[in-house]
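# Inside the fold
Listed below are the residues making up each chain.
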Amino acid sequence: MRYSKNWLYIDILVFVTFLPFFFVLPVLMKVFVIVGAYFVYKKKTSVLWLLGAFSIVFSFYNFWEFKDFRLYVKFLASMLVWGYYLQRTKEVNFYVKLTPFLFFGLGIVFFQNVYMLFYLLFEIFIFLVLVFYRYMNLKDSLIKSFQVFLFSLPLVILLFLFFPRVHQRHFIFGFSGENYSSSFSGIVKASNESVTLSKTPVVEFKLSKIYPKIYLRGDVLNIYKNGEWVRGISIKDKLVSISDLEVYYLKEYPNLQNYIFAVDLPIESEYGKLDENFVLKSKKPINKLLFIQITSALNYKLSPVKFPFIDLVYDKTKNLNAQKEAKRFLKIKDEKKRLSEIIKFFKSQKIVYSLKPKNLDPLNIVDSLFEKKRGYCTHFASAFTLFCRMAGLPARVVVGYMSNSSIKGYYKIYSKDAHAWSEVLINGIWVRVDPTEFAYKNESIKEFAKVKPNYLDVYLSYIRFLIEEWILKYDAFKQEKFLKFFKAHFVTIIISFLIFVVLIVLIAKNLRRKELLDPLYKKLKKRPQKQSVYEFLSSFNDKRLDEINELYQKIVFYKSTKEDIKKLKRLIKNYKGEK
Amino acid sequence: MKKLLTTSIKVKKTKNFYLIILLMVLFFIMGYVHNNNLAYITLFFIFSFSLIGMILGRVNIKKAFYSLPDIRIFAGDKVVLPFKKEGDFFAEIENEVIFEKRGINKKEFLIKSSYPFKLAVFYKKIPVKVLVYPALKGESLKTAFFGKEENDFEGLKQYNYEDMKYIHWPSLAKEDLQVKVFGGKKKGRELVFDYSKIPGNKEDKISQLAKWAYEAYEMGEEFKIILPDMEINSKEGFDEVFKKLALY
């Protein structure tokens with residue numbers, strides 16, 4: 001089969017732009033794409049017709065599923081590829097020329113992730129190479145394309161940063177290419193089960209500065225029943241004061257739950273809804289990667305709109321020893337002092353932090369923790385909260401995540417960072433108390449060491465996060481932030497940018513590898529375009545050039561000796577140009 | 001070799017230029033509607049490439065030089081000028097031309113290139129100065145001077161490096177190569193072409209002289225051209241004779 005150059009260009013472009021879709025197509029369609037290519041080669045239009053119709057019908061027969069936008073896109077991509085195959089057996093026409101553009105457009109709408117960003121750059125580069133390949137050989141067109149690509153980079157960066165953006169919501173559909181992870185539930189059990197730490201990522205975010213400890217608010221639980229904390233009817237909280245505001249992007253991995261783990265305390269979010277206890281929840285279970293802008297107050301005063309009697313409830317028939325102990329704290333009238341005395345008492349129990357507690361009685365969690373002296377965050381928070389209630393202070397358990405390690409304010413939270421702590425009402429304000437901090441010592445350091453995140457992983461995640469935050473999610477808000485930074489560091493940025501431009505120009509200019517025959521080409525004022533060096537030099541019908549040609553071919557294809565190279569250089573030097 | 005001079009460059013947008021604008025608008029809408037930064041990035045790349053493409057195209061056409069080797073051009077003849085590319089560039093040059101007048105002709109030739117993205121065609125005119133020899137018109141030398149045509153066969157003689165067309169091929173088989181001798185051709189004589197004796201205007205006269213001179217050279221005859229104020233001898237060589245005629 002004659003393979004025309006027009007088809008070569010179109011096939012390459014269609015292949016490159018279609019490739020991301022190939023991986024998301026249903027299996028039957030994948031098979032069709034591969035088998036179909038053979039029938040395209042054999043020009044069997046009718047077979048392609050039947051095969052395509054069969055594959056599409058059997059891949060997308062369930063129309064009910066079409067409410068899922070992603071399925072719709074898969075269907076669209078399948079139709080496009082089928083159409084292309086049918087047209088591919090004919091002459092080059094408008095439809096086949098349009099196909100790569102359609103795939104390209106669909107691709108950048110539906111694939112919104114870092115991989116697509118790099119793939120997009122690759123696609124653009126391939127397009128450039130094909131443009132230059134019409135004029136020169138492959139090697140030269142690669143070099144030329146790279147040069148043009150490099151030269152355009154500074155302009156693209158400038159336009160990207162300064163092109164006026166409007167406040168516009170990012171869309172939350174399409175393929176994000178992340179797996180589900182689920183390790184969190186709205187129930188906290190103070191059971192004997194030992195905990196295995198997992199390194200599944202949960203959320204990522206970057207704050208403007210480093211905080212020694214960051215708490216992510218998951219859920220507020222206030223009823224302790226049968227050894228489990230659950231969410232009961234809760235009194236609405238209101239904000240009394242806020243400071244240390246952070247506006248940041250939260251990247252949450254799919255978890256099939258409604259919780260959005262925002263930095264304590266979330267005030268505002270572009271996605272999801274805050275409940276009466278400032279817990280951020282999404283309407284639908286999060287089944288794809290979430291990337292949303294949230295405002296949180298790192299310093300806040302939260303107060304219930306009326307006294308939360310429900311947060312004083314405890315089972316009077318359980319934890320009898322603790323109840324007895326708690327009585328003496330009731331005498332302390334000053335609530336603040338009472339709390340500090342409770343903390344002192346809790347510390348004096350010398351409870352060891354352990355991921356493998358033994359013989360704890362969930363129903364009598366306070367007594368048994370004080371007796372067995374081994375437990376993890378859930379036990380600490382449960383016991384402390386109940387003890388506070390016994391001592392007359394309304395208290396509740398908050399579950400979520402806690403992290404104390406960051407790279408320049410970037411936090412990557414894993415499942416292993418799941419945590420529980422208490423909130424105690426002191427003088428009408430909810431105060432966060434993390435009873436796990438009162439542990440006498442940590443027995444599970446080894447377990448934690450095992451799941452210590454790999455630095456490379458964290459750094460790579462950090463880079464990916466920065467790209468997502470500053471490129472994929474760049475918007476009016478980010479632009480304002482950038483412009484502020486730009487004004488503050490005007491000279492530095494300008495100088496760095498100029499250095500960058502100079503570097504690019506230097507790299508682009510030196511891309512062409514120095515060739516032995518370069519000085520000769522200079523003398524000839526010509527270089528081979530779409531022909532071999534041999535053909536090029538022979539075309540002059542010049543004896544001196546023929547001699548150079550022969551020697552050059554020997555050096556390149558047979559044997560390269562120093563003497564030969566020297567001789568070649570001498571011949572080129574002595575060559576005085578065309579007669 | 002005649003080095004050519006550059007003149008100003010003209011740019012004409014092509015259909016692709018407007019298609020690219022349309023494409024950029026589409027990508028802008030895509031970017032704007034959902035703040036899709038991938039669409040924005042594509043848009044900015046297309047913009048940068050177009051801009052760089054325009055610069056590359058301009059540089060390319062600016063580098064475009066052609067030289068013209070010395071060739072014999074006769075007025076009124078359609079010629080394909082054998083332009084030679086000078087340097088590393090991508091362009092086309094129009095090379096089919098008819099020069100109507102003899103003498104030094106100045107003509108501008110159009111170089112065009114749509115390198116690299118075919119967004120615009122870049123044009124450049126290059127002035128070319130060529131010497132055009134007079135048109136070969138008028139009576140044939142044979143009828144005017146020799147009275148009878150050359151093909152009046154007179155006999156054979158021994159081969160002595162004569163023109164191939166006079167070879168008597170059957171003699172080759174006998175291994176005794178002979179050439180044909182035609183009537184009207186005598187050795188040692190010199191033809192005289194007198195300008196004043198030719199009828200017609202100046203151009204007719206020059207064309208007639210050129211035709212005779214051309215044919216005389218073809219036949220290997222020696223001649224002398226007498227012009228009102230100068231004499232030209234065939235011994236000066238073809239190009240010199242014709243140059244003088246062209247410029248007269």
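This is a predicted model, so every value here is computed, not measured.

On to the overall build of chain B. Of regular secondary structure, chain B possesses 6 helices and 15 strands. Within chain B, the fraction of its 248 residues that count as buried is 28%. By sequence separation, contacts in chain B at least 24 residues apart represent 62% of the contacts at least 6 residues apart.

Turning our eyes to something else, we now look at the sheet that holds strand E14 (residues 222-226) of chain B. Residues and elements named next belong to chain B. Spatially, 3 strands are ordered E13-E14-E15 in an open sheet, and the strand pairing comes out mixed. Each end of this open sheet is capped by a strand with a single partner; those strands are strand E13 (190-194) and strand E15 (231-233). Averaged over all adjacent pairs, the angle separating strand axes in this sheet is 20°, with direction ignored. Here E13 pairs with E14 via 5 bridges, running parallel.

What follows covers helix H1 (residues 5-22) of chain A. Residues and elements named next belong to chain A. Here H1 is 18 residues long and its end C-alpha atoms lie 25 Å apart, about the 26 Å a rise of 1.5 Å per residue gives. The sharpest bend along H1 reaches about 30° and sits at Val 16, with the proline Pro 20 one to four residues further on. Within the span of H1, buried status applies to Leu 13, Val 14, Val 16, Thr 17, Phe 18, Pro 20 and Phe 21. Against helix H4 (69-88), helix H5 (94-110) and helix H6 (114-133) lie the buried residues of H1.

Attention now moves to the interface of chain A and chain B. With 27 residues of chain A at the contact, the number on the chain B side is 24 residues. Looking at the side of chain A that touches chain B, the elements with two or more residues in it are H5, H6, helix H7 (138-162) and helix H13 (455-472) of chain A. The element contributing the most residues to the side of chain A that touches chain B is H7(A), with 7 residues.

Turning our attention to H5(A). An ideal rise of 1.5 Å per residue puts 24 Å on 17 residues; H5(A) measures up with 24 Å between its terminal C-alpha atoms. Of the positions making up H5(A), those classed as buried are A:Val96, A:Thr99, A:Pro100, A:Phe103, A:Phe104, A:Gly107, A:Ile108 and A:Phe110. In this structure, the buried side of H5(A) is in contact with H1, H4 and H6 of chain A together with helix H2 (37-63) of chain B.

This part is about the domain arrangement of chain A. As assigned here, chain A comprises domain 1 (5-110), domain 2 (188-459) and domain 3 (518-574). Computed from C-alpha atoms alone, the centre-to-centre distance between domain 1 of chain A and domain 2 of chain A is 51 Å.

Residue and element names in this part refer to chain B. Of all residues in chain B, 79% have pLDDT values of 70 or greater, and the mean over the chain is 81. Of all the helices and strands in chain B, strand E10 (residues 153-158) carries the lowest mean pLDDT, 62, while H2 carries the highest, 93. A low-confidence stretch, residues 1-6 stays under pLDDT 50, and its non-local contacts, those more than four residues away or across chains, total 17 contacts. Predicted as a complex, the structure gets a pTM of 0.75 and an ipTM equal to 0.75.

Another aspect to go through is the nonpolar core. Soluble globular proteins tend to pack their nonpolar side chains together in the buried interior. Among the nonpolar cores identified, the biggest contains 73 residues, and A:Leu216 and A:Phe387 are the most heavily contacted of them. When residues in this core are grouped by element, the largest group, 9 residues, is from helix H11 (residues 377-390) of chain A. Once you skip the residues sitting within four places of it in the chain, A:Phe387 turns out to touch A:Ala322, A:Ala326, A:Ile342 and A:Val366. Listed in part, the 59 residues of the second largest apolar core include A:Val33, A:Phe39, A:Leu48 and B:Ile20.

Another aspect to go through is the packing of H1(A) against H6(A). Two quantities define a packed helix pair, namely the angle between the helix axes and the distance between the axes. Residue and element names in this part refer to chain A. For the pair H1 and H6, interaxial distance at closest approach is 10 Å and the crossing angle is 180°. Looking at the two axes, H1 sits roughly antiparallel to H6. Along its contact with H1, which presents Tyr 9, Ile 12, Leu 13, Val 16, Thr 17 and Pro 20, the element H6 presents Met 116, Tyr 119, Glu 123, Ile 126 and Leu 130. Here the residues of the contact of H1 with H6 sort into 9 nonpolar, 1 polar and 1 charged.

About the criteria used
- Residues numbered from 1 in each chain as written.
- Chains lettered and ligands numbered in written order.
- Predicted model: local features only at pLDDT ≥ 70, side-chain atom pairs only at ≥ 80, totals over all residues.
- Helix = DSSP H or I, 4+ residues; strand = E, 2+ residues; numbered from the N terminus.
- Buried ≥ 20, exposed ≤ 12 C-beta atoms within 10 Å, placed from the backbone.
- Contact = placed C-beta atoms within 7 Å.
- Pairing = 2+ DSSP bridges.
- Axes fitted to C-alpha atoms, helices over the stretch in contact; angles between N-to-C directions.
- Expected span 1.5 Å × (residues − 1).
- Bend = angle between axes of the 7 residues up to and from the residue.
- Domains from an automatic or database assignment.
- pLDDT = per-residue confidence, 0-100.
- Core = buried A, V, L, I, M, F, W, Y, C linked by C-beta atoms within 7 Å.
- Parallel < 35°, antiparallel > 145°, perpendicular 65-115°, else oblique.
- Nonpolar A, V, L, I, M, F, W, Y, C, P; charged D, E, K, R; others polar.

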